[in-house]
Amino acid sequence: MLQIAATLLEKDTAAKEAEKANYLAEHCPPLSLPHSMQELQELCKKLHAKIEVVDEERYDTEAKLQKTTKELEDLSQKLFDLRGKFKRPPLRRVRMSADAMLRALLGSKHKVCMDLRANLKQVKKEDTEKEKDLRDVGDWRKNIEEKSGMEGRKKMFETSES
């Protein structure tokens, strides 16, 4: 099984290499460098001419793309105007206090302090029965010390009998 898999892998790699060589032979002709200085200069001039043509085409396509995107934006804006619905921009949550917001809007003119928590009323908390019971129990160490030893056990039995 392993030998069969190995031969299949070798065939696949050989096929890929042959396909690559065929593609390169079709699309990339072999480079022939001339030996004289004048021939090299002519080759460079040809290459520069090809580069200029490619750059012109790239510039033209970029200009065409910008023009079409601008037209698309204009048409979409007209569409929204005709429908009567306007696209709302996504809003971000800004964590800013009221003082900082007023300072940003008014600048140095802002002298009023907008501390909203200062205007809140103080509410007294009424004691509930559970809280009173918890306060009456007091320190748990005292209860354990009282119940420790024989005297504490006597008290437990006396309280449970009556």
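Higher on the page you've got the structure.
Below is a summary of the structure that appears in this document. (Residues numbered from 1 in each chain as written. Predicted model: local features only at pLDDT ≥ 70, side-chain atom pairs only at ≥ 80, totals over all residues. Heavy atoms only, no water.)

Take the overall build of the protein next. What the protein contains, in helices and strands, is 6 helices and 0 strands. Carbon and sulfur atoms form 58% of the exposed surface of the protein, whose accessible area is close to 17,400 Å². (Helix = DSSP H or I, 4+ residues; strand = E, 2+ residues; numbered from the N terminus. Areas by Shrake-Rupley, 256 points an atom, 1.4 Å probe, with all protein chains shown as cover.)

This brings us to helix 2 (residues 37-83). In an α-helix, one full turn covers 3.6 residues, which means residues spaced three or four apart are oriented alike. Over its 47 residues, helix 2 extends 69 Å from the first C-alpha to the last, a length consistent with the 69 Å expected when each residue adds 1.5 Å. Following helix 2 by one or two positions, glycine 84 adopts a phi angle in the positive range, close to 90 degrees. (Expected span 1.5 Å × (residues − 1).)

This next bit is on helix 1 (residues 2-27). Between its first and last C-alpha atoms helix 1 spans 38 Å; for 26 residues at 1.5 Å apiece the expected length is 38 Å, and the two agree. With respect to burial, helix 1 is a largely exposed element, only 0 of its 26 residues being buried. (Buried < 20%, exposed > 50% of the residue type's maximum accessible area, 1.4 Å probe, protein only.)

We now examine the pattern of salt bridges. All chains considered together, the criterion is met by 2 salt bridges. A salt bridge links arginine 58 to aspartate 55; the nearest nitrogen and oxygen atoms lie 3.6 Å apart. Taken as a pair, arginine 58 and aspartate 55 lie in helix 2 at a separation of 3 residues, close to a single helical turn. For arginine 58, a relative accessible area of 47% gives the class partly exposed. (Salt bridge = Lys/Arg side-chain N within 4 Å of Asp/Glu carboxyl O.)

Our focus in this paragraph is a nonpolar patch on the surface. Judged by side-chain polarity, Val94, Met96, Met101, Leu105 and Leu106 come together as a nonpolar surface patch covering roughly 510 Å² of accessible area. Valine 94 sits in the exposed class, given a relative accessible area of 58%. (Patch = residues over 30% accessible without salt bridge, like charges linked within 9 Å, V, L, I, M, F, W, Y side chains within 5 Å.)

Any functional reading would require information that these geometric values do not contain.
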